[in-house]
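Observations on chain architecture
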Amino acid sequence: CSDRLFLLMHEGQRVRAIGSALNSGRTKDLEGLKRYLMRLWPTVTLQLLDLLDTLTSVPHRRLVCDVMISVGQQGVPIFARRLPTSSSNLAKDLLYIIDRINPPDKVSLFAPILKHENAVLRMEGLTTIARTKDDRCFEIIEETFRNHEVPQMRAHAARLLAEYPAKMCEPVLLSAV
């Protein structure tokens, strides 16, 4: 039956039907759904991003994110272009997806999120950057600590600086005292 449905429906229709089923709670076999989405994957990237923006349940969002992670490097440019979205849930999911794919230029992809209008999303973006623990990340966190106009962001950056080795963060933190 699923093979026949696969042949009869257009991919966009399939993705919308899946979104309706997920949001209504009618889906019981999430692993089967994940396999099905992975079968559709290469041709429905944008539809899955739109679907992700409409999902309300965290486990269902994570399932779609996991499917997107499986595509790896090929999807990173598409995900990065959508990162400055006004939807904070979608932006968080895209941060998660890109972080899990771990592209070599991940930090440069995350940097624009620090200018997002949503303060919580900016802090989450900074936290995601801090997890990488390289010199470029340290520079971004230090710059945020020293120069960001929002005190919450500076305080959050100070907390993140403390996770780096003392010889790196101590001069930065002491200079602010």
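Just so you know, these numbers come straight off a predicted model, no measurement behind them.

What counts and what doesn't
Residues numbered from 1 in each chain as written. Predicted model: local features only at pLDDT ≥ 70, side-chain atom pairs only at ≥ 80, totals over all residues. Heavy atoms only, no water. Helix = DSSP H or I, 4+ residues; strand = E, 2+ residues; numbered from the N terminus. Buried < 20%, exposed > 50% of the residue type's maximum accessible area, 1.4 Å probe, protein only. Contact = heavy atoms within 4.5 Å. Areas by Shrake-Rupley, 256 points an atom, 1.4 Å probe, with all protein chains shown as cover. Axes fitted to C-alpha atoms, helices over the stretch in contact; angles between N-to-C directions. Parallel < 35°, antiparallel > 145°, perpendicular 65-115°, else oblique. Nonpolar A, V, L, I, M, F, W, Y, C, P; charged D, E, K, R; others polar. Phe/Tyr/Trp six-rings, centres within 6.5 Å; stacked < 30°, edge-to-face > 60°. Lys NZ or Arg CZ within 6 Å of the ring centre and 35° of its normal. Salt bridge = Lys/Arg side-chain N within 4 Å of Asp/Glu carboxyl O. Expected span 1.5 Å × (residues − 1). pLDDT = per-residue confidence, 0-100.

1. Remarks on the overall build of the protein
The secondary structure content of the protein amounts to 12 helices and zero strands. Reading the protein from its N end, one meets helices and strands in the order α-α-α-α-α-α-α-α-α-α-α-α. The burial tally for the protein puts 45% of its 177 residues in the buried class. When contacts within the protein are restricted to residue pairs at least 6 apart in sequence, long-range pairs at least 24 apart make up 60% of them. For the protein, the computed accessible surface area is about 9600 Å², with 55% contributed by carbon and sulfur atoms.

2. Quick look at the packing of helix α7 (residues 88-101) against helix α9 (residues 119-130)
Two elements in contact, α7 and α9, have axes whose closest approach is 11 Å; the angle formed by their N-to-C orientations is 5°. Between α7 and α9, the angle falls in the class roughly parallel. Where α7 abuts α9, its residues Ser88, Ala91, Lys92, Leu95 and Asp99 lie against Leu121, Glu124, Gly125 and Thr128.

3. Comments concerning the packing of helix α4 (residues 45-54) against α7
Packing of α4 against α7 brings their axes to within 9 Å, and their N-to-C directions diverge by 125°. Classified by the angle their axes make, α4 and α7 are oblique. In this structure, α4 uses Leu49, Leu52 and Asp53 to contact α7, whose residues at the interface are Leu90, Asp93, Leu94 and Ile97. Its residues assigned to classes, the contact of α4 with α7 shows five nonpolar, no polar and two charged.

4. Here we look at the packing of aromatic side chains
Taken as a whole, this structure holds one aromatic pair when the rule is applied. Its guanidinium or amino end placed over the ring of tyrosine 96, arginine 62 lies 3.8 Å from that ring's centre, counting from NZ or CZ. Taking the ring centre of tyrosine 164 as reference, the NZ or CZ of lysine 133 above it sits at 5.1 Å.

5. Examining the pattern of salt bridges
Applying the stated criterion to the full structure yields seven salt bridges. Between arginine 136 and glutamate 139 there is a salt bridge whose closest N-O contact spans 3.8 Å. Within this pair, arginine 136 and its partner glutamate 139 are both found in helix α10 (residues 135-147), separated by three residues, close to a single helical turn. Relative accessible area serves as the criterion here: at 43%, glutamate 139 is assigned to the partly exposed category. The network of salt bridges with shared partners includes Asp99, Lys106 and Arg131.

6. Some points on unusual backbone geometry
Even without being a glycine, asparagine 102 presents a positive backbone phi close to 60°. Structurally, asparagine 102 is set in the loop between α7 and α8 (106-110). One non-glycine residue, lysine 133, adopts positive backbone phi at about 60°.

7. Regarding α7
Count 3.6 residues to each turn of an α-helix, and residues three or four apart come out pointing the same way. Look at α7: 20 Å from first C-alpha to last across 14 residues, which is about the 20 Å you get at 1.5 Å a residue. Taken residue by residue, α7 has Leu90, Ala91, Asp93, Leu94, Leu95, Ile97, Ile98, Asp99 and Ile101 as its buried positions. Of the surrounding secondary structure, the elements contacted by the buried residues of α7 are α4, α5 (58-71), α6 (76-82), α8 and α9. Looking one or two residues beyond α7, the residue adopting positive phi is asparagine 102, at roughly 60°.

8. Notes on the confidence of the model for the protein
Per-residue pLDDT for the protein averages 82, and the proportion of residues at 70 or more is 89%. Of all secondary-structure elements in the protein, the lowest mean pLDDT belongs to helix α1 (residues 2-8), at 52, while helix α11 (residues 151-161) reaches the highest, 92.

9. Focus on the environment of isoleucine 140
With respect to the secondary-structure elements, isoleucine 140 resides in helix α10. Sequence separation between isoleucine 140 and serine 108 is 32 residues, and the spatial gap between their C-alpha atoms is 9.9 Å. Discounting chain neighbours no more than four positions away, the residues touching isoleucine 140 are Val107, Leu114, Leu126 and Ile129.

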